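What follows is each chain in one-letter form.
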Amino acid sequence: MPSAIAARELTKEYKGSHGKRALDRVTLDIQRGEIFGLIGRNGAGKTTFLRIAGTQLLPTAGHVEVLGYDAVSQANAVRDRVAVIPQESRPFFYATPFEHVYYYLTLRGFPAAEARKRALDTLGRLGLLKGKDTVLWKQSGGLRRRVLVAMALASNAELLFLDEPTTGLDALARRDVWTAVEEAAKEGRTILLTTHYLEEAQLLSTHLAILNEGRVLAVGTLDELVAKVQWPFRVALTGRGFTADETASYGQSAAIGDSQIVFTTQGGAEELTRLALTRGVRAVAGPVTLEDLFVQLVGGAVDEETEGEEEEGA
Ligand SMILES: Nc1ncnc2c1ncn2[C@@H]1O[C@H](COP(=O)(O)OP(=O)(O)OP(=O)(O)O)[C@@H](O)[C@H]1O
Ligand SMILES: [Mg+2]
């Protein structure tokens, strides 16, 4: 069976961008049934990638196959099989949550009774039953966002493109979305997710790719990404028991508020934790999180660019 997404040297240069590439020869494989997290800084090219794979935008060069179909020459076959939550989309304010999901499903060809059943079921899973018959202009921003998530999840699309689906959602609403996304993956559907909440990307994704300035900086499972960094452990020290020079000797350190975060090796983490205990400093040690990896990998790429320039101290 072909993979869910196979991008080859995918390149996008927007008109008038004077040679700057939003995507620069991106080659990426996303397998069926997985939740794939695409992360990167603002402007890294995530939305551009999703829009090209979702057939809303044409690439400048390269190609991408989606579920075995070419996203340019077989765009209709792709559209029948995917559902998209665009980053900037707004629902229709004068319709209710139920109407949004129900009519979307009938447009996708579901008979009325089944559309009704699926709509209610998905609204329930996302905690949206209470306000299901209240027009959206009377409801909150986070709820409107969740209605779009419900539309995509309620469909029978084999592949879902979720561009920052949980932006602006409260902690509990976000968890409802996570559960629903995981259930969709268990049903064998593929999810391509972008998010700036790296805890969310870490929790949900089976594989991750970090885009940076239009290029793939790293791709793999969380463990594979951890293996790429120089400092795979983190120690958080509370208080001022260590000087900056001291922590810097263990790896990479930064002061945040009243704490110091030190990225280091396993041996370094063990030693630093022991030393902290003897000094009465509170220390929490563990493997790096996705957010730590992001800071190391993307931060490292930024440092390389500005090499030779004076770095601002933390
Ligand atoms: N319609 C457009 N015309 C010209 N340039 C664009 C257009 N859309 C995006 N860009 C540029 O392409 C690059 C990638 O943008 P894109 O929206 O794909 O980034 P992103 O990773 O989704 O960022 P964010 O995290 O902020 O959503 C940016 O430099 C952006 O300015
Ligand atoms: Mg975006």
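Residues numbered from 1 in each chain as written. Chains lettered and ligands numbered in written order. Predicted model: local features only at pLDDT ≥ 70, side-chain atom pairs only at ≥ 80, totals over all residues.

A word on the overall build of the chain. Scanning the chain from N- to C-terminus turns up eleven helices and 14 strands. By its C-alpha atoms, the chain is 70 × 45 × 35 Å across when sized along the principal axes. (Helix = DSSP H or I, 4+ residues; strand = E, 2+ residues; numbered from the N terminus.)

Let's shift gears to the site of ligand 1. The local shell around ligand 1 consists of Tyr 14, Ser 17, Ala 22, Gly 40, Asn 42, Gly 43, Ala 44, Gly 45, Lys 46, Thr 47, Thr 48 and Gln 87. Along the lines of polarity and charge, the residues of the shell around ligand 1 split into three nonpolar, eight polar and one charged. (Near = placed C-beta within 6 Å. Nonpolar A, V, L, I, M, F, W, Y, C, P; charged D, E, K, R; others polar.)

Our next topic: the environment of Val 84. Assignment of secondary structure puts Val 84 in strand E6 (residues 82-85). Taking the C-alpha atoms as reference, Val 84 lies 9.2 Å from Met 151; in sequence the two are 67 residues apart. When residues no more than four places from it in sequence are discounted, the contact partners of Val 84 are Gly 54, Ala 152 and Phe 161. (Contact = placed C-beta atoms within 7 Å.)

Attention shifts here to helix H3 (residues 97-107). Listed in full, the buried residues belonging to H3 are Pro 97, Phe 98, His 100, Val 101, Tyr 102, Tyr 104 and Leu 105. Tucked inside the fold, the buried residues of H3 contact helix H4 (112-125) and helix H5 (141-154). (Buried ≥ 20, exposed ≤ 12 C-beta atoms within 10 Å, placed from the backbone.)

To continue, consider the nonpolar core. Counting 88 residues, the largest nonpolar core has Val 66, Val 101, Ala 150, Ala 152 and Leu 192 as its most contacted members. Filtering out sequence-adjacent residues up to four positions away, Leu 192 remains in contact with Ile 5, Ile 30, Phe 36, Leu 38, Leu 50, Phe 161 and Leu 162. (Core = buried A, V, L, I, M, F, W, Y, C linked by C-beta atoms within 7 Å.)

The four strands lie next to each other as E12-E13-E11-E14, forming an open sheet whose pairing is antiparallel. In the strand order of this sheet, the two ends are held by strand E12 (251-256) and strand E14 (282-287), each with one partner. The average undirected angle you get between the axes of adjacent strands in this sheet is 15 degrees. Bridging between E12 and strand E13 (residues 259-264) involves six bridges; their strand directions are antiparallel. (Pairing = 2+ DSSP bridges. Axes fitted to C-alpha atoms, helices over the stretch in contact; angles between N-to-C directions.)

A few words now on the sheet that holds strand E2 (residues 23-30). With respect to topology, four strands assemble into an open sheet ordered E2-E1-E4-E5, the strand pairing being antiparallel. The sheet is open, and its two edges are formed by E2 and strand E5 (69-70), each paired on a single side. Direction of pairing for strand E1 (residues 5-12) relative to strand E4 (residues 61-66): antiparallel, over a ladder of five bridges. Bridge pairing in E4 links Ile 5 to Val 66.

What follows deals with the confidence of the model for the chain. In this model, the chain carries an average pLDDT of 92, and 96% of its residues clear a pLDDT of 70 or more. Considering only residues more than four positions removed or in separate chains, one finds that residues 310-314, a stretch of pLDDT under 50, has two contacts. (pLDDT = per-residue confidence, 0-100.)

Here the focus is the environment of Glu 65. For Glu 65, the position within the fold is in strand E4. As for Glu 65 and Pro 2, which are separated by 63 residues in sequence, their C-alpha atoms are 8.9 Å apart. Apart from residues no more than four positions distant in its own chain, Glu 65 is found in contact with Pro 2, Ala 6 and Asp 70.

Here the focus is the packing of H5 against helix H6 (residues 171-186). It is the contact of H5 with H6, at a shortest axis distance of 11 Å, that shows an interaxial angle of 5 degrees. Classified by the angle between their axes, H5 and H6 sit roughly parallel to one another. Along the contact surface, H5 presents Gly 142, Arg 146, Val 149 and Leu 153, while H6 presents Ala 173, Val 177, Ala 180 and Ala 184. Residues belonging to the contact of H5 with H6 are distributed by class as follows: six nonpolar, one polar and one charged. (Parallel < 35°, antiparallel > 145°, perpendicular 65-115°, else oblique.)

Before going further, it helps to examine unusual backbone geometry. If you check the backbone angles, Leu 67 has positive phi at about 55 degrees while not being a glycine. Relative to the assigned elements, Leu 67 resides in the loop between E4 and E5. With phi around 55 degrees, Glu 164 is a residue other than glycine that occupies positive phi space. Its place among the elements puts Glu 164 in the loop between strand E7 (159-163) and H6. The class for Glu 164 is buried, based on 20 C-beta atoms found within 10 Å.

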